[in-house]
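Secondary and tertiary structure notes
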Amino acid sequence: MDLMITSSAEMKKITSLDDDKLWAGFDWEETDKILSGEIKPKTLITSYPYPAIRYPQRGPLIAQELVSVFPNSCYMRRGIRSKLHDVIAKAKKRHFTSLILTHTNSRGHDELIIISLLNGASTVFRVIDFIPRADIPNCANPLSRRIYPELHMKSFDSQASVGTARMIQALFPKVPSSGGRPVAWFQKQNNHIFFRSHRFCYEEALSGESSSVGRQVQECGPRFALKLKAVERVSFDTGKFKLLCVEVLDDYA
């Protein structure tokens with residue numbers, strides 16, 4: 001298993017995303033260069049090498065779906081002998097700025113881990129109500145890899161949630177606001193983060209009608225919600241996680 005919990009005097013229970021000390025100790029200088037547009041992010045997405053027996057395809061399915069969510073990302077299939085520290089080393093060598101791991105545990109709970117390859121910060125999320133693109137009615141085709149979406153972050157107001165938002169923002173290139181650009185939404189509500197994405201479709205008026213062009217919204221998918229479960233620090237040398245804060249420790253059993 002990639003996830004190795006280390007007991008620590010720093011560990012304490014999280015009751016919400018609003019813990020003031022949640023992100024203390026991380027250096028955000030390089031991450032802020034992504035947010036300012038100085039650096040373009042690059043994300044490697046993969047799954048655990050040992051999937052749950054009852055759900056062997058679930059983790060890889062989510063990982064592949066996420067390629068259409070995060071720009072400049074690619075999916076890598078992992079072999080059963082693949083070690084996380086080797087994946088991290090290869091990713092850093094190829095100038096990836098983030099690593100995303102997906103996993104479905106034996107109880108059918110989907111998990112998503114975002115690792116910053118710039119400062120070692122790691123967030124563990126429970127993925128809730130994941131709906132793949134194929135199951136969304138009238139879902140738009142995947143966005144062109146040359147067209148970056150405009151990112152909207154809503155209700156990330158507290159110091160702790162701003163840290164969570166920064167981890168997500170670091171997955172998206174900074175783009176100017178434009179009325180016709182695709183949009184990716186992350187909205188925090190009741191300790192959950194809801195994701196939706198859409199693009200605008202333009203339809204010309206029929207012959208004989210007004211010459212105006214109609215604009216319609218079409219969902220791009222996938223659709224899901226996230227719930228923060230833990231914050232960790234990752235060792236790039238060993239691939240081991242040092243647990244800093246956790247909501248429910250039993251979730252890792």
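Residues numbered from 1 in each chain as written. Predicted model: local features only at pLDDT ≥ 70, side-chain atom pairs only at ≥ 80, totals over all residues. Heavy atoms only, no water.

In the nomenclature of an unreviewed UniProt entry, the chain corresponds to Brix domain from the organism Arabidopsis thaliana x Arabidopsis arenosa.

1. A few points about a positive patch on the surface
The criterion, for reference: Patch building starts from residues that exceed 30% relative accessible area and form no salt bridge, then joins like charges within 9 Å and nonpolar side chains (Val, Leu, Ile, Met, Phe, Trp, Tyr) within 5 Å. To measure how exposed things are, a 1.4 Å probe is used in the Shrake-Rupley method; for residues, cover is taken only from the protein chains shown. Here a salt bridge means any side-chain nitrogen of Lys or Arg lying within 4 Å of a carboxyl oxygen belonging to Asp or Glu. Positive charges come from Lys and Arg, negative ones from Asp and Glu, while His and the chain ends are left out of the count. Lysine's charge is taken at NZ, arginine's at CZ, aspartate's at CG and glutamate's at CD. Runs of H or I in DSSP of at least four residues are treated as helices and runs of E of at least two as strands, each being numbered from the N terminus.
On the surface, a cluster of positive charge is made up of Lys42, Lys90, Lys93 and Arg94. Counting through the fold element by element, lysine 42 comes out in the loop between helix H1 (29-36) and strand E1 (43-47).

2. Points about the pattern of salt bridges
Test applied: A 1.4 Å probe rolled over the protein chains alone gives each residue an accessible area, and that area as a share of the maximum for its type sets the label: buried under 20%, exposed over 50%, partly exposed in between.
Considering all chains together, one arrives at four salt bridges under this definition. For lysine 33, the salt bridge identified is with glutamate 30, shortest N-O distance 3.1 Å. Of the two residues, lysine 33 and glutamate 30 are both situated in helix H1; the distance of three residues between them amounts to about one turn of the helix. A residue is classified by how much of its surface remains accessible, and glutamate 30, at 30% relative accessible area, is partly exposed. Across the pair aspartate 32 and arginine 166 runs a salt bridge, and its minimum N-O distance is 3.5 Å. Of this pair, aspartate 32 sits in helix H1 while arginine 166 sits in helix H4 (residues 159-169), and the two are 134 residues apart along the sequence. With relative accessibility at 33%, the residue aspartate 32 sits in the partly exposed group.

3. Thoughts on the confidence of the model for the chain
Applicable threshold: Residue-level confidence of the predictor, termed pLDDT, takes values from 0 up to 100. Note on contacts: a residue pair is in contact if any heavy atoms of the two residues lie within 4.5 Å.
Confidence in the prediction for the chain averages 85 pLDDT; 83% of positions are at 70 or higher. Here strand E9 (residues 213-219) stands out as the element of the chain with the lowest mean pLDDT, 79, in contrast to strand E4 (residues 110-116), whose mean of 97 is the highest. pLDDT under 50 marks residues 3-11. Its contacts with residues more than four places away, or in other chains, come to 20 contacts. Between residues 249-253, whose pLDDT stays under 50, and residues either more than four places distant or in other chains, the model counts 14 contacts.

4. Here's the deal with the packing of aromatic side chains
The test is simple: Classification of ring pairs rests on two measures: the distance between centres of Phe, Tyr or Trp rings, Trp counted by its six-membered ring, which must be within 6.5 Å, and the angle between planes, read as stacked under 30 degrees, edge-to-face over 60 and tilted in between. Either the NZ atom of lysine or the CZ atom of arginine qualifies as a charge over a ring when it sits within 6 Å of the ring centre and within 35 degrees of the ring normal.
A complete count under the given rule lists eight aromatic pairs for this structure. Measuring from centroid to centroid gives 6.1 Å for tryptophan 23 and phenylalanine 26, while their planes differ by 55 degrees, and the two rings are tilted. Both residues of the pair, tryptophan 23 and phenylalanine 26, belong to the buried class. Put simply, the rings of Phe70, Phe130, Phe172, Phe186, Phe195 and Phe224 pair up and form one aromatic cluster. Between the NZ or CZ atom of lysine 42 and the centre of the ring of phenylalanine 96, over which it lies, the distance is 4.6 Å.

5. Remarks on the state of the cysteines
Here a disulfide denotes one covalent bond, and it connects the sulfur atoms of two cysteines. To be explicit about the condition: Here, two cysteine sulfur atoms that lie within 2.5 Å of each other are counted as a disulfide.
Taken as a whole and judged by the stated rule, the model has zero disulfides. Cysteine cysteine 139 shares no disulfide, and the gap to the nearest cysteine sulfur, in cysteine 220, comes to 6.7 Å. What makes cysteine 220 buried here is its relative accessible area of 5%.

6. A few points about the environment of arginine 233
Note the following rule: Counted as a polar contact is a pair of N or O atoms within 3.5 Å, where, for protein atoms, one must be capable of donating a hydrogen and the other of accepting one, and residues adjacent in sequence contribute only when both atoms are in side chains.
By the element assignment, arginine 233 lies in strand E10 (residues 223-234). For arginine 233, a relative accessible area of 30% corresponds to the partly exposed category. Along the chain, arginine 233 and glycine 25 lie 208 residues apart, while their C-alpha atoms are 9.7 Å from each other. Among the polar contacts made by the side chain of arginine 233, one reaches the main-chain carbonyl oxygen of glycine 25 at a distance of 3.2 Å.

7. Comments concerning the nonpolar core
For clarity, the threshold we go by: Joining through side-chain atoms within 4.5 Å is the link that ties buried Ala, Val, Leu, Ile, Met, Phe, Trp, Tyr and Cys residues into a set, and such a set is a nonpolar core.
Among the nonpolar cores identified, the biggest contains 35 residues, and Trp23, Leu66, Phe70, Ile100, Phe172, Phe186 and Phe224 are the most heavily contacted of them. Secondary structure elements with two or more residues in this core: helix H2 (58-66), E4, strand E5 (121-131), H4, strand E7 (183-189), strand E8 (192-204), E10 and strand E11 (241-246). Ignoring any residue separated from it by four or fewer positions in sequence, one finds phenylalanine 70 in contact with Ile45, Ile100, Leu171, Phe172 and Phe186. If you look at the next biggest cluster of nonpolar residues, it comprises 18 residues, including Leu99, Ala230, Val234 and Leu243.

8. Here we look at the side chain of glutamate 150
Looking at the element boundaries, glutamate 150 is found in strand E6 (residues 150-154). The charged side chain of glutamate 150 is buried without a salt bridge, its nearest counter-charge being arginine 181 at 5.1 Å. At a separation of 3.3 Å, a polar atom in the side chain of glutamate 150 contacts the side chain of serine 177. Apart from residues lying up to four places away in sequence, glutamate 150 is in contact with Val175, Pro176, Ser177, Ser178, Arg181, Pro182, Val183 and Ala184.

9. Quick word on unusual backbone geometry
Here the bond from glycine 221 into proline 222 is cis, since omega is -10 degrees, no more than 30 degrees from zero. Its place among the elements puts proline 222 in the loop between E9 and E10. The phi angle at asparagine 72 is positive, at roughly 55 degrees, despite the residue not being glycine. Mapped onto the elements, asparagine 72 comes out in the loop between H2 and strand E2 (73-75). Phi is positive for histidine 95, which is not a glycine, with a value near 65 degrees. Looking at the secondary structure, you find histidine 95 in the loop between helix H3 (84-93) and strand E3 (98-104).

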